[in-house]
Amino acid sequence: MLMIWAVVLMSLTVGGLVQYMKSSVSEAGIASNQSRALYLAESALAVGLHPKMCTAGAGWKSSGSSNSGFSLVVTTEGARMPINYISDERAKEAIYNLLIYWGLDAENATTITDSLADWVDSDKEVRAQGAEEDYYKGLGYYGLPKQRGFTSVEEMLLVRGMDLVARAKPNWRDFFSVNGAGLIDLSTASTDVLIAVTGSAPADVERYLLERDGADGIFGTEDDRSKSDRGKMSQNAALFYLGITQDKYASITALTTTSDRVMRVESIGHIGLVKVKLTVVAKRQDDGSLTYFERIEE
């Protein structure tokens, strides 16, 4: 009987050891792939940040083998709404229009934009439908609003009404920036942002994007305007395709550009099913150097 128990115990011990070794080998393999994927992402990122890289419109995919490779997209932060400029009435109106475009009603859109502006400005005066200290205290939150610019897009979720935005547009974070220079870059902005900022009809925006992004309708590919012999589109040409009338021209040009210098470089390295995404936001200075605002690893 003792011999039988000894054999059983030895079998369990050996079986556990084998399972442990399998798990260790598997974990080591995942860690190795993670490291290799990070290396590929870093390599692509270095290309995207090179001084001779065009500011925006670059997109590449490369495969070292059928099981590995990287992708790279260089755009600008001006493609996103500059949330820290919302105390400017023009920026506030554009963000209000964006919320309306996403399906929020006028009442809620006004409450949200007023509350966002109250968060950013330095005073404690409550806008008509905004939210200052007393509102947040009533919910049990103290020290809000911060009375300063947002340090991250995620922080916007603390503001009154932003839960409605998250429900209406789950990927809303992709449309805002805390690092923007205050202007919307027409050469990189999405359909949603273009409609909100310019007030153009969807048909005019579609016409403009066809001219800007080429027949495939995808930004950062080889048939883009910025990669053709015609070169990058000027602000005047962009506003023409967007159908901007003379009476709106001055107000739109004051809020837009086609040469934002704050870059957003996104690179993805992959080994098999393991992926690493790196995002860097940086500004190219006149001397060619970079000022870094943000780096995110996912």
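Because the structure is predicted, anything quoted here is derived from the model rather than measured.

A. Layout of a nonpolar patch on the surface. Taken together, the side chains of Tyr-135, Leu-139 and Tyr-141 define a hydrophobic patch exposed on the protein surface, amounting to about 310 Å² of accessible area. Structurally, the position occupied by Tyr-135 is in helix 4 (residues 133-138).

B. Structural view of helix 6 (residues 191-198). Taking burial as the measure, the eight residues of helix 6 include seven buried ones, the bulk of the element. By the burial criterion, the buried members of helix 6 are Asp-192, Val-193, Leu-194, Ile-195, Ala-196, Val-197 and Thr-198. The inward-facing, buried residues of helix 6 contact strand 3 (81-82), helix 2 (89-101), strand 5 (184-185), helix 7 (202-213), helix 9 (246-253) and strand 6 (256-257). Looking one or two residues beyond helix 6, the residue adopting positive phi is Gly-199, at roughly 75°.

C. Summary view of helix 3 (residues 106-120). Between the first and last C-alpha of helix 3 there are 21 Å, a value that for 15 residues agrees with the 21 Å anticipated at 1.5 Å per step. With respect to burial, helix 3 is a largely interior element, eleven of its 15 residues being buried. Every buried residue belonging to helix 3 is among Ala-109, Thr-111, Ile-112, Thr-113, Asp-114, Ser-115, Leu-116, Ala-117, Asp-118, Trp-119 and Val-120, and all of these are buried. The secondary structure elements touched by the buried residues of helix 3 are helix 2, helix 4 and helix 5 (162-168).

D. Just the pattern of salt bridges, in detail. By the definition in use, this model includes 16 salt bridges. Between Arg-148 and Glu-155 there is a salt bridge, with its nearest N and O atoms 3.3 Å apart. Among the residues examined, Arg-148 registers a relative accessible area of 31% and is labelled partly exposed. The buried category is assigned to Glu-155, whose relative accessible area is 8%. Across the pair Asp-204 and Arg-207 runs a salt bridge, and its minimum N-O distance is 3.8 Å. Of this pair, Asp-204 and Arg-207 both sit in helix 7, three residues apart, which is roughly one turn of the helix.

E. Main features of the nonpolar core. Counting 46 residues, the largest nonpolar core has Met-81, Ile-83, Trp-102, Leu-116, Phe-150, Met-156 and Phe-176 as its most contacted members. Residue assignment for this core shows that the elements contributing at least two residues are helix 2, helix 3, helix 5, helix 6, helix 7 and helix 8 (235-241). Ranked by the residues each element gives to this core, the list is headed by helix 3, at six residues. Apart from the residues within four sequence positions on either side, Trp-102 is in contact with Val-165, Ala-168, Lys-169, Trp-172, Phe-175, Phe-176 and Asp-192. Counting 16 residues, the second-largest nonpolar core is a separate cluster that includes Met-263, Ile-271, Val-276 and Val-280.

F. Region of interest: unusual backbone geometry. Residue Pro-145 follows Leu-144 across a cis peptide bond; omega there is 0°. With respect to the element layout, Pro-145 can be found in the loop between helix 4 and helix 5.

Scoring rules and cut-offs
Residues numbered from 1 in each chain as written. Predicted model: local features only at pLDDT ≥ 70, side-chain atom pairs only at ≥ 80, totals over all residues. Heavy atoms only, no water. Patch = residues over 30% accessible without salt bridge, like charges linked within 9 Å, V, L, I, M, F, W, Y side chains within 5 Å. Areas by Shrake-Rupley, 256 points an atom, 1.4 Å probe, with all protein chains shown as cover. Salt bridge = Lys/Arg side-chain N within 4 Å of Asp/Glu carboxyl O. Helix = DSSP H or I, 4+ residues; strand = E, 2+ residues; numbered from the N terminus. Buried < 20%, exposed > 50% of the residue type's maximum accessible area, 1.4 Å probe, protein only. Contact = heavy atoms within 4.5 Å. Expected span 1.5 Å × (residues − 1). Core = buried A, V, L, I, M, F, W, Y, C linked by side-chain atoms within 4.5 Å.

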